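# Structural overview
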Amino acid sequence: MLKEPLASVDGVLKSLKNLLDARAILADPPVEFLDMDGFVHIYESLLEIRNAIMATSVGDLNYPIRKKGYIAGTIKGLQASLRHLTWQTKAIASGDFTQRVDFMGEFSEAFNTMVKQLDDSMTKLNMREQELIKIAHTDPLTGINNRGYFMELLTTEFERARRYGHTFSVMMTDLDNFKSVNDTRGHGAGDEALRTMARVVQMSGLRANDFWGRIGGEEFAIVLPETVIADAVAVAERIRITLSETPVRYENEEFFITVSIGVSQNRTGDVQATLLSRADEAMYQAKRTGRNRVCQSD
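Keep in mind that what you see is a predicted model, and the values were worked out from it rather than measured. (Residues numbered from 1 in each chain as written. Predicted model: local features only at pLDDT ≥ 70, side-chain atom pairs only at ≥ 80, totals over all residues. Heavy atoms only, no water.)

### Structural notes on the overall build of the protein chain
Within the protein chain one finds 9 helices and 7 strands. Taking the principal axes of the C-alpha coordinates as reference, the protein chain spans close to 130 × 50 × 25 Å. For the protein chain, buried positions account for 39% of its 298 residues. Accessible surface computed for the protein chain: about 18,000 Å², of which carbon and sulfur atoms make up 55%. The distance from the centre of the 35 positive side-chain charges to the centre of the 41 negative ones in the protein chain is 1 Å. (Helix = DSSP H or I, 4+ residues; strand = E, 2+ residues; numbered from the N terminus. Buried < 20%, exposed > 50% of the residue type's maximum accessible area, 1.4 Å probe, protein only. Areas by Shrake-Rupley, 256 points an atom, 1.4 Å probe, with all protein chains shown as cover. Lys, Arg positive; Asp, Glu negative; His and termini not counted. Charge placed at Lys NZ, Arg CZ, Asp CG, Glu CD.)

So this is what it looks like as structure tokens:
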């Protein structure tokens, strides 16, 4: 009388053990146990949990779990956490290093350390990139724009003027008797004279959209967007006068330098060469007529 129930119990246990251990299992409960109270529910629940775990193990985080209960709910929570972690990883890949994990124990600590290290590394790389860009754009002696970057900015200003019909003016400046400074006082004094010129221009009240640069030797160029030539001449006079009154200090000595400035305004059909050439010619006119003065192109 007891053999059949025991056999049935053994078969039930074997079926449930297979759900946990075997590689190949039946998708449907064994027919001989369908009438056993509660067997179908347990079998289907374990089968669904098994399939969900297997799906999660290969990266399928959307496997549907219809059954309820503590274990099924735990697996759903794991799926949700891994989906969120996947989203956070994508956010980090796109450059968002604010992401942090606090729901996966030791993994969270390792993950957060990795993200912080990535953030620190990217910050250092960005800072280095900005430094390299600045070096590429900067005259090392005076710290202002070099010729190459000044020409890039001038090209942009030409395009802007053509697009919006704006007028702009350009100044070409050249320190007077600069060779004599180098010959009599040394190149160190000449370098300090150039830095003094840069400081004077920097403090001359230029606007945020004005730009300038050292374009070679003792020559500087200044561009004043949306400025007619008469107003540019007034700015040039202010620079000229300020420089003539500012001492150059070098090795406990002081000396003074002056500057000749030529001013030109853009015209229809101008390119960089024609505009700068007119300003350059006006600057040489200032040299020929006595130096330490401002001349404008016709």
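Picking up after the structure, the text goes on.
### Some remarks on the packing of helix H2 (residues 39-57) against helix H3 (residues 70-93)
Contact geometry for H2 and H3: axes closest at 10 Å, N-to-C directions at 15 degrees. Taken together, the axes of H2 and H3 are roughly parallel relative to one another. The crossing of H2 and H3 is left-handed. For the pair H2 and H3, contact is made by Ile49, Ala52, Ile53 and Thr56 and by Ile71, Ala72, Ile75, Leu78, Gln79 and Leu82, respectively. (Axes fitted to C-alpha atoms, helices over the stretch in contact; angles between N-to-C directions. Parallel < 35°, antiparallel > 145°, perpendicular 65-115°, else oblique. Left-handed = near helix turned anticlockwise from the far one by under 90°. Contact = heavy atoms within 4.5 Å.)

### Section: the nonpolar core
One finds Met171, Leu175, Met197, Ile239, Ile257, Ile261 and Val263 to be the most contacted residues of the largest nonpolar core, which totals 30 residues. Elements supplying a minimum of two residues to this core: strand E1 (168-175), helix H6 (178-185), helix H7 (187-202), strand E3 (219-225), helix H8 (229-244) and strand E6 (259-265). Counting residues in hydrophobic clusters, the runner-up holds 16 residues, among them Met151, Phe168, Met172 and Ile215. (Core = buried A, V, L, I, M, F, W, Y, C linked by side-chain atoms within 4.5 Å.)

### Topic: the pattern of salt bridges
Going through the model one piece at a time under the given rule, you end up with 19 salt bridges. Notably, a salt bridge pairs Glu192 with Arg195, separated by 3.1 Å at the nearest N-O pair. Note that Glu192 and Arg195 are positioned in helix H7 at a spacing of 3 residues, about one turn of the helix. Look at the salt bridges and you will find they share partners, linking Glu157, Arg160 and Glu226 into a network. (Salt bridge = Lys/Arg side-chain N within 4 Å of Asp/Glu carboxyl O.)

### As for the environment of Ser180
Along the chain, the position of Ser180 falls in helix H6. The exposure class assigned to Ser180 is partly exposed, which follows from its relative accessible area of 39%. Spatially, the C-alpha atom of Ser180 lies 9.1 Å from that of Gly190, the residues being 10 residues apart in sequence.

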